[in-house]
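Now for the letters of each chain:
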Amino acid sequence: MLHILLILAAGFGAGIINALAGGGTFLTFPALVMIGIPPVAANATSAVAVFPGYLSAALGFKREIGELPRAALLRACVVTLVGGLIGGLLLLVSSNEVFAVLVPFLLLAATLAFAFQAQIQNWMRGTALKATPYGTFGLMAVSIYGGYFNGGLGIVLLALFALWGMESLNQMNGLKNALSFVISAISVATFAVAGIVHWNEALIMAAAAIAGGFAGAHLAKILPKSVVRGFIILIGLGMSAVFFARI
């Protein structure tokens, strides 16, 4: 019963956090590891659990997504689909030991990318590096990361959108949830075919994540941006510290 309560709470919290800014896997992945699921299987199960919540959250930003250029949006979906598949296949050939070592570095990198996105953007303006809006290279790299390790995917996507020059947080959140759903859908299909998903835990978490996604989409429109950012950064740093301690 305690295990069920833990994964319900983690799933609902993840749905809210993913809708707000991303980082819900910072809750679901550790919760699954805590109840005894091996790291690689926990990551796959977590990806299955949170991806329906991306859809419910994206529907909460339907108007904002509809304002984006349709052709660029469709091309972005194709790129993220390919990248998510590559990342999912990479996870399947990773050992639990290697993945457990990589996790804290991936968590920390995602958190820092989000925390210092303004500084990164300013730095890029003064260099030859440019982030082309809806550019294939950046989207592909982030999608491979998302397919391999879903943790902090939303945070990295938001950082990428900021580098593109997007300014509306609600529009960024809508696009982030839509692309996260695409990336997760293909990687989830890959994990399901490989047979590494713990379905009982995944379905319980998924139901909670869907409810959390609707709640989070509403909160994202009323909470101050500084509160959302601070909360996500705090969770990311905390989870990074926990997994560094586990190495």
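Residues numbered from 1 in each chain as written. Predicted model: local features only at pLDDT ≥ 70, side-chain atom pairs only at ≥ 80, totals over all residues. Heavy atoms only, no water.

**Section: the overall build of the chain**
Counted only if it meets this: Secondary structure counts use DSSP, requiring at least four H or I residues in a row for a helix and at least two E residues in a row for a strand, with both numbered from the N terminus. Between the two quantities, the radius of gyration covers C-alpha atoms and the globule rule is 2.2 Å times the number of residues to the power 0.38. Burial here depends on accessible area, computed with a 1.4 Å probe over protein chains only, as a share of the maximum for the residue type. Under 20% is buried, over 50% is exposed, and the range in between is partly exposed. The Shrake-Rupley method, run with a 1.4 Å probe, gives the accessible areas here. Residue values count only the displayed protein chains as cover. For the charge count, each Lys or Arg is scored as positive and each Asp or Glu as negative, with His and the chain ends excluded. A single reference atom marks each charge: NZ on Lys, CZ on Arg, CG on Asp, CD on Glu.
For the chain, the helix and strand inventory stands at 12 helices and 0 strands. For the chain, the succession of helices and strands along the chain, N to C, is α-α-α-α-α-α-α-α-α-α-α-α. For the chain, whose C-alpha radius of gyration is 16 Å, the value lies close to the compact-globule estimate of 18 Å for 247 residues. Oriented by its inertia axes, the alpha-carbon framework of the chain measures out at about 50 × 35 × 30 Å. Within the span of the chain, comprising 247 residues, buried residues form 54% of the whole. By element, 74% of the accessible surface of the chain is carried by carbon and sulfur atoms, the whole surface being about 10,500 Å². Within the chain, the 5 negative side-chain charges are centred at a point lying 9 Å from the centre of the 11 positive side-chain charges.

**Some remarks on the packing of helix α3 (residues 39–60) against helix α10 (residues 169–194)**
Our working definition: Note on definitions: angles span 0 to 180 degrees between N-to-C directions of axes, and those axes are lines fitted to C-alpha atoms, for helices only across the stretch in contact. The crossing is said to be left-handed when, going from far helix to near helix, the turn is anticlockwise and less than a right angle, and right-handed when the turn is clockwise. We call two residues in contact when some of their heavy atoms are within 4.5 Å.
One can describe the packing of α3 onto α10 by two numbers: an axis separation of 8 Å at closest approach and a directional angle of 150°. The two elements α3 and α10 cross, and the hand of that crossing is left-handed. Packed against α3, whose contacting residues are Ala 44, Ala 47, Val 48, Phe 51, Tyr 54, Leu 55, Ala 57 and Ala 58, the element α10 presents Asn 177, Ala 178, Ser 180, Phe 181, Ser 184, Ala 185, Val 188 and Phe 191 at the interface.

**Some details on the packing of aromatic side chains**
This is how it is decided: In this analysis, rings of Phe, Tyr and Trp, with Trp reduced to its six-membered ring, are considered paired at centre separations within 6.5 Å, and the interplanar angle assigns stacked below 30 degrees, edge-to-face beyond 60, and tilted for intermediate values.
Per the counting criterion, the structure on display carries 5 aromatic pairs. Between Phe 51 and Phe 181, the aromatic rings sit 5.4 Å apart at their centres with planes inclined by 25°, giving stacked as the arrangement. One end of the pair, Phe 51, is in helix α3; the other, Phe 181, is in helix α10, with 130 residues separating them in the sequence. Among the residues examined, Phe 181 registers a relative accessible area of 24% and is labelled partly exposed. Geometrically, the ring pair formed by Phe 105 and Phe 244 is edge-to-face, given 5.0 Å between the ring centres and 85° between the ring planes. Taken as a pair, Phe 105 in helix α6 (residues 96–115) and Phe 244 in helix α12 (residues 225–246) lie far apart in primary sequence, 139 residues in all.

**Re a nonpolar patch on the surface**
Selection rule: Like charges within 9 Å and nonpolar side chains (Val, Leu, Ile, Met, Phe, Trp, Tyr) within 5 Å are joined into patches, using only residues over 30% in relative accessible area that form no salt bridge. We define a salt bridge as a side-chain nitrogen of Lys or Arg found within 4 Å of a carboxyl oxygen belonging to Asp or Glu.
Together, Val 78, Val 82, Leu 85, Ile 86, Leu 89, Leu 90, Leu 92 and Val 93 give the surface a local cluster of nonpolar side chains, amounting to about 650 Å² of exposed area. Within the secondary structure, Leu 89 sits in helix α5 (residues 70–92).

**Brief notes about the packing of α3 against helix α11 (residues 199–220)**
Applicable threshold: Each angle receives one of four descriptions, namely roughly parallel if under 35 degrees, roughly antiparallel if over 145, roughly perpendicular if within 65 to 115, and oblique otherwise.
Between α3 and α11, the shortest axis-to-axis distance is 7 Å and the interhelical angle comes to 25°. Compared by their axis directions, α3 and α11 come out roughly parallel. Read as a crossing pair, α3 and α11 show a hand that is right-handed. Together, Thr 45, Val 48, Ala 49, Val 50, Pro 52, Gly 53, Ser 56, Ala 57 and Gly 60 of α3 and Trp 199, Glu 201, Ala 202, Met 205, Ala 206, Ala 209, Ile 210, Gly 213, Phe 214 and Ala 217 of α11 make up the contact between the two elements.

**Considerations on the pattern of salt bridges**
Summed over all chains, the structure comprises 2 salt bridges. Of the charged contacts, one joins Arg 63 and Glu 64 as a salt bridge, the two residues approaching to 3.1 Å between their closest N and O atoms. Take Arg 63: its relative accessible area is 57%, and that puts it in the exposed class. A residue is classified by how much of its surface remains accessible, and Glu 64, at 5% relative accessible area, is buried. Note that Arg 63 is salt-bridged to Glu 67, the shortest N-O span being 3.1 Å. One salt-bridge network, in which partners are shared between bridges, spans Arg 63, Glu 64 and Glu 67.

**Details of the environment of Gln 171**
Assignment of secondary structure puts Gln 171 in helix α10. Along the sequence, Gln 171 and Ile 37 sit 134 residues apart, while their C-alpha atoms lie 36 Å from each other. Dropping the residues within four chain positions of it, Gln 171 is found in contact with Glu 64, Glu 67, Leu 68 and Met 166.

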